[in-house]
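# Breakdown of the fold
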Amino acid sequence: MNKSRPILWLLIIAAVASAGYYGWQKFGTSEAGKTQTAQKGPARPSAVPVSVAPVQKTDFPVYLTGLGTVQGFNTVQVRSRVDGQIDKLEFREGQIVKQGDLLVSIDPRPYQATLDQAKAKKAQDEASLANANLELQRATKLGEFATAQRVDTQRSTVAQLTAQIAADDAAISNAQTQLDYTQIKAPITGVAGLRQVDIGNIVNASSQTAIVTISQVEPIAVIFTAPEDQLPYISEGQKAGALKVIAFTTDGKRTLAEGKLAVINNQVDATSGTIRLKAVFDNKERTLWPGQSVSTRLLVRTLKDATVVPDDAVQRSTNGLYAYTVNQDNKAELHKIKVSYGIDGHSVIEEGLSPGQQVIVGGQFKVQPGSLVSTAVASSDPTQNKVRQQ
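What counts, and where the lines are drawn
- Residues numbered from 1 in each chain as written.
- Predicted model: local features only at pLDDT ≥ 70, side-chain atom pairs only at ≥ 80, totals over all residues.
- Heavy atoms only, no water.
- Pairing = 2+ DSSP bridges.
- Helix = DSSP H or I, 4+ residues; strand = E, 2+ residues; numbered from the N terminus.
- Buried < 20%, exposed > 50% of the residue type's maximum accessible area, 1.4 Å probe, protein only.
- Contact = heavy atoms within 4.5 Å.
- Phe/Tyr/Trp six-rings, centres within 6.5 Å; stacked < 30°, edge-to-face > 60°.
- Lys NZ or Arg CZ within 6 Å of the ring centre and 35° of its normal.
- Polar contact = N/O pair within 3.5 Å; in protein donor to acceptor, adjacent residues only side chain to side chain.

## Remarks on the pairing of strand β4 (residues 84–89)
Where β4 lies against strand β9 (residues 202–203), two bridges are found, and the strand directions are antiparallel. Directly across from Gly 84, in β9, lies its bridge partner Val 203. Where β4 lies against strand β6 (residues 102–106), three bridges are found, and the strand directions are antiparallel. By the bridge assignment for β6, Lys 88 is matched with Ser 105.

## Observations concerning the sheet that holds β4
Overall, antiparallel pairing links the four strands, which are arranged β7-β6-β4-β9 in an open sheet. Where the open sheet ends on each side, the last strands, each with one partner, are β7 (183–185) and β9.

## Examining the side chain of Thr 307
Position of Thr 307 among the secondary structure elements: in strand β15 (residues 293–310). Overall, Thr 307 belongs to the buried group, its relative accessible area being 12%. Residue contacts for Thr 307: discarding those within four places in its chain leaves Val 55, Gln 56, Ser 347, Val 348, Ile 349, Leu 353 and Pro 355.

## With respect to the sheet that holds strand β5 (residues 96–97)
Taken in spatial order, the four strands line up as β3-β10-β8-β5 in an open sheet, and their pairing is antiparallel. In this open sheet, the two strands that pair with only one neighbour each are β3 (75–78) and β5.

## With respect to the packing of aromatic side chains
According to the stated counting rule, one finds one aromatic pair in the structure shown. Measuring from ring centre to ring centre gives 5.8 Å for Tyr 322 and Tyr 324, while their planes differ by 85°; the resulting arrangement is edge-to-face. Tyr 322 sits in the buried class, given a relative accessible area of 17%. A relative accessible area of 5% means that Tyr 324 is categorised as buried. Over the ring of Phe 248 we find Arg 297; its NZ or CZ atom is 4.5 Å from the centre of that ring. Stacked on the ring of Tyr 233, the Lys or Arg Arg 301 has its end atom at 4.7 Å from the ring centre.

## With respect to the environment of Leu 303
With respect to the secondary-structure elements, Leu 303 resides in strand β15. For Leu 303, a relative accessible area of 16% corresponds to the buried category. Here the alpha-carbon distance between Leu 303 and Thr 58, two residues 245 residues apart in the chain, equals 8.3 Å. In this structure Leu 303 touches Thr 58, Asp 59, Phe 60, Val 62, Tyr 341 and Val 348, once residues within four positions along its chain are discounted.

## A short note on the side chain of Thr 182
The residue Thr 182 is located in the loop between α3 (148–180) and β7 in this model. Within polar-contact distance, the side chain of Thr 182 engages the backbone oxygen of Leu 179 at 2.5 Å. Among residues more than four places away in sequence, those in contact with Thr 182 are Val 82, Val 104, Ser 105, Ile 106, Asp 107, Pro 108 and Tyr 111.

This is the structure:
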């Protein structure tokens, strides 16, 4: 009994020491941490990473965009002007033919016979005229021994035969023309399309089916439309010279050709509120082809010293358009803006921003007014871009 008491006391002392150490670890360390936190102060908010670009002041060409259709500058449906059988086809489909090139040969024999007959008739009438002239000369030499009636009759005969020879000349000319029509030649320089007839077919002058269609592609035309409210700007621009037109692929990614506005249609389409326009392109590279659909841009005017920003800077909300700028304290500021034009990744700002400011073009979804930001400069070259009216 006496021996167990020291052991009991040792156990009690060990338990009290353990409890004291645990309490010191839990409460002493916590208080020390609080003291250190109080000394450091509240945690600073982290900066939002964003991309910025400068608001620039530059001349900005304004283009009207639209859709157009390419058509041959001249298009001819080649038909026969005489009846007959096709003997030869002198062209290939898709061939570039020149004006005056032989395309089709039609059996010429009936028309050659008609020509020969007209020439023979003229020779006959010329012989009769020669004889009539001799008879007139004889009657005139007889003087008073020839009656006046005989002389007058002979003069009438000479006049009739002279007129008959003139008619023969006309008949020969007509027969020669009909014979020439058996050789069908290209009326213009252009591209021959798919032929509609083959060798051995009979063609008629009254037929509505063309033998082949030829389209002139150098130069070539594009027909497109513009809103009627832009007509005053187009007309005003034309006074200074032909307006530039650029043709793109329908997706707008590739430039096909540059040309000039040639014609403004003489009336506005009241149903659509648009005006038809015609542009002409040299098309030396033949990047445009009849029937092709293209996207067009018509230069209307150039804005002088316009305020320009990348499109990514323009944000939209229920209250309208706005953009964020970064001030000298690297904090974001919200500006309500008004945009007048925009295309190819850039917009023209009418109100809300000034040249020299830095606008946020990336990372806006994390930005609030007054947010601390860290910036990286985004590349921007608005002078290489064109605009359209919004």
